[in-house]
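Structure at a glance
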Amino acid sequence: MATIEECRAALGKLSDTMRGAEGEVGAAAALERSVSCHITDLDVTFAGRMTGGRIEVDATFPGPPREKARIRLALAGDDLVALVDGELNFATAWGSGRVRLEASLLDLFRLRKLL
């Protein structure tokens, strides 16, 4: 089972990848949105913002998200690490229910280019 530190590092790696993206992927990464990532097996939430092509985590707290972010992700810690490392396909994980992503329809269309 991934630790909180490994999950935070995975989000940092995802943020670094987003910052270097170009074209349509770069445009999708440039969204300005509040985000939350609930790690279900650890029951911890990372909350912050997508801004300037990066994910900035402002807070980490126990339990589910306290406020409804515009982009909400929920998954197990091992799945987050595997997604970021390219070992787990997002579409397959989302289709099977291992990953939950909630956002507006327009944001989902943009985010699919990132994931």
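The text that follows walks through the structure, step by step, so that each part is easy to find.

Rules used throughout
- Residues numbered from 1 in each chain as written.
- Predicted model: local features only at pLDDT ≥ 70, side-chain atom pairs only at ≥ 80, totals over all residues.
- Heavy atoms only, no water.
- Helix = DSSP H or I, 4+ residues; strand = E, 2+ residues; numbered from the N terminus.
- Pairing = 2+ DSSP bridges.
- Salt bridge = Lys/Arg side-chain N within 4 Å of Asp/Glu carboxyl O.
- Buried < 20%, exposed > 50% of the residue type's maximum accessible area, 1.4 Å probe, protein only.
- Axes fitted to C-alpha atoms, helices over the stretch in contact; angles between N-to-C directions.
- Contact = heavy atoms within 4.5 Å.

**Describing unusual backbone geometry**
Phi is positive for Asp43, close to 50 degrees, though the residue is something other than glycine. Within the element layout of this structure, Asp43 appears in the loop between strand S1 (33-39) and strand S2 (44-51).

**Notes on the environment of Arg66**
Assignment of secondary structure puts Arg66 in the loop between strand S3 (54-62) and strand S4 (71-75). Separated by 59 residues in the primary sequence, Arg66 and Cys7 have C-alpha atoms spaced 19 Å apart.

**With respect to the pairing of S3**
In terms of strand pairing, S2 meets S3 through eight bridges, oriented antiparallel. Each residue of the ladder has a partner; that of Gly48, found in S3, is Val57. Remark: two residues form the turn of the hairpin made by S2 and S3, two consecutive strands paired antiparallel; Gly52 in that turn has positive phi of roughly 60 degrees.

**What about the pattern of salt bridges?**
Oppositely charged side chains are able to pair whenever their charged atoms sit close together. Evaluated as defined, the whole model comprises seven salt bridges. The shortest N-O distance in the salt bridge between Arg19 and Asp16 comes to 3.7 Å. Linking Arg19 with Asp16, this pair stays in helix H1 (residues 4-19), spanning three residues, or about one helical turn. Note on Asp16: relative accessible area 40%, which makes it partly exposed. With its nearest N and O atoms 3.9 Å apart, the salt bridge here joins Arg110 to Asp107. You can see Arg110 and its partner Asp107 sitting in helix H5 (residues 105-111), three residues apart, about one turn around the helix. The network of salt bridges with shared partners includes Asp16, Arg19 and Arg54.

**Digging into the sheet that holds strand S5 (residues 99-102)**
The strand order across the open sheet formed by five strands is S3-S2-S1-S4-S5, and the pairing between neighbours is mixed. Two strands bound the open sheet, and with one partner strand each, they are S3 and S5. Ignoring strand direction, the axes of neighbouring strands in this sheet form an average angle of 15 degrees. Inspection of the sheet shows S4 paired to S5 by four bridges, in the antiparallel sense. Note on S5: the bridge partner recorded for Leu73 is Leu101. Packed onto the sheet, H1 meets S1, S2 and S3 and runs at close to 160 degrees relative to S3.

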